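# Coordinate analysis (summary)
Residue-level listing of the chains:
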Amino acid sequence: MSELRASSLPLLMKCTGSLTLPYDYTKSENAEKGATWGTLLHTWVQTGLVRGPKQLCNLFEKALDLSGMRGRRLEFWPEGGSHEGEVSVFVGGMGPGEAPEIEVTRRAIKQEGWVTGHYDYQHWFLDGELWIDDLKTGKYYPNPLPGSQGWNPDLDVGENRFPQDPKSAQLKTYALAISELEEYKGDVWISVTHWPRLPLIYRHAPPTRLWHRWSHADLMGHWTDLKVMYATHEANQTESSMILDPGDHCRFCPARNACLVAKEFE
Ligand code: SF4
């Protein structure tokens with residue numbers, strides 16, 4: 001078993017067995033294009049430059065104009081912040097009776113017992129509060145008309161059926177790690193900025209941003225939750241009865257091809 005990626009935590013918290021099955025990271029052509037869009041967009045956010053395959057650059061230039069984002073980069077990601085950081089949090093290996101001690105680093109430690117991840121942007125507000133932003137470029141799933149396949153009666157038509165979550169375990173882990181590294185004990189603001197590649201109507205609109213604020217006590221509680229999750233994950237490696245919990249999240253599970261209880265989805 002190697003390190004856990006912070007991006008896999010939201011799925012792991014829903015289905016603890018999901019990391020026990022073999023992952024299939026084979027990318028379809030569409031997924032490859034999605035990854036290229038993500039790289040292009042992250043480069044522009046960090047530098048203001050449009051660089052990549054010519055055809056995609058043309059599509060991105062068009063999106064910048066139609067969305068009105070061409071002149072708004074620094075409004076969303078102000079100067080003075082830092083882009084692209086790496087963190088690792090140690091969540092395993094504590095024996096009975098040992099005093100809890102948080103270990104975090106600004107590099108990826110690819111070893112058992114560590115959760116590693118990359119965050120997109122860190123900034124300090126003028127009042128001294130910490131802000132961390134994560135940029136998501138995955139597809140937007142608009143809720144269809146009532147009665148259509150995939151319609152969710154709890155959402156308005158056009159609302160995202162699988163919205164980004166600023167309270168996700170992935171982003172909370174970044175908040176925990178960075179506040180510890182900065183020796184900061186105040187509230188941490190998390191934003192998740194979603195600029196999807198598809199459908200086009202959402203690529204051609206400005207990105208949406210959702211916010212959440214965590215207290216230092218919340219983040220300490222999260223560190224405990226991570227340790228419990230890791231212990232469960234470790235137990236799943238050795239027990240024949242791993243816990244598989246299917247649901248809508250199976251759509252995003254890289255192990256679904258090997259899973260016999262994966263939920264069907266359209
Ligand atoms: S496909 Fe669903 S049930 Fe199966 S491992 Fe993944 S999340 Fe769990």
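Keep in mind that this is a model prediction, so the values were computed, not measured. (Residues numbered from 1 in each chain as written. Predicted model: local features only at pLDDT ≥ 70, side-chain atom pairs only at ≥ 80, totals over all residues.)

Moving on, we get to the site of the ligand. Taken together, 16 residues lie around the ligand, and Cys15, Cys250, Cys253, Cys259 and Ala262 are the ones closest in. For the shell around the ligand, the residue count by class is eleven nonpolar, three polar and two charged. (Near = placed C-beta within 6 Å. Nonpolar A, V, L, I, M, F, W, Y, C, P; charged D, E, K, R; others polar.)

Moving on, we get to helix α5 (residues 169-181). End to end, α5 covers 18 Å across 13 residues, agreeing with the expected 18 Å (1.5 Å per residue, within 8%). In terms of residue burial, α5 counts as a mostly covered element, since twelve of its 13 residues are buried. For α5, the complete set of buried residues consists of Ala169, Gln170, Leu171, Lys172, Thr173, Tyr174, Ala175, Leu176, Ala177, Ile178, Ser179 and Glu180. Positive phi appears at Glu183, one or two residues downstream of α5, with a value of about 50 degrees. (Helix = DSSP H or I, 4+ residues; strand = E, 2+ residues; numbered from the N terminus. Expected span 1.5 Å × (residues − 1). Buried ≥ 20, exposed ≤ 12 C-beta atoms within 10 Å, placed from the backbone.)

Attention now moves to unusual backbone geometry. Between Leu198 and the following residue, Pro199, the backbone shows a cis peptide bond with an omega angle of -10 degrees. Its place among the elements puts Pro199 in the loop between β6 (188-194) and α6 (200-203). Non-glycine residue Glu84 carries a positive phi angle of around 55 degrees. Its location among the elements puts Glu84 in strand β2 (residues 82-90). Residue classification places Glu84 among the exposed residues on the basis of 12 C-beta atoms within 10 Å. For Glu183, which is not a glycine, the phi torsion comes out positive at approximately 50 degrees.

Counting 28 residues, the largest nonpolar core has Val89, Val115, Ile132, Tyr174 and Ala175 as the members making the most contacts within it. Beyond its immediate chain neighbours, meaning those up to four positions away, Ala175 contacts Ile132, Val188, Ile190, Trp214 and Leu219. Core analysis: the next-biggest nonpolar cluster, separate from the first, contains nine residues, Trp37, Trp44, Val45 and Trp195 among them. (Core = buried A, V, L, I, M, F, W, Y, C linked by C-beta atoms within 7 Å. Contact = placed C-beta atoms within 7 Å.)

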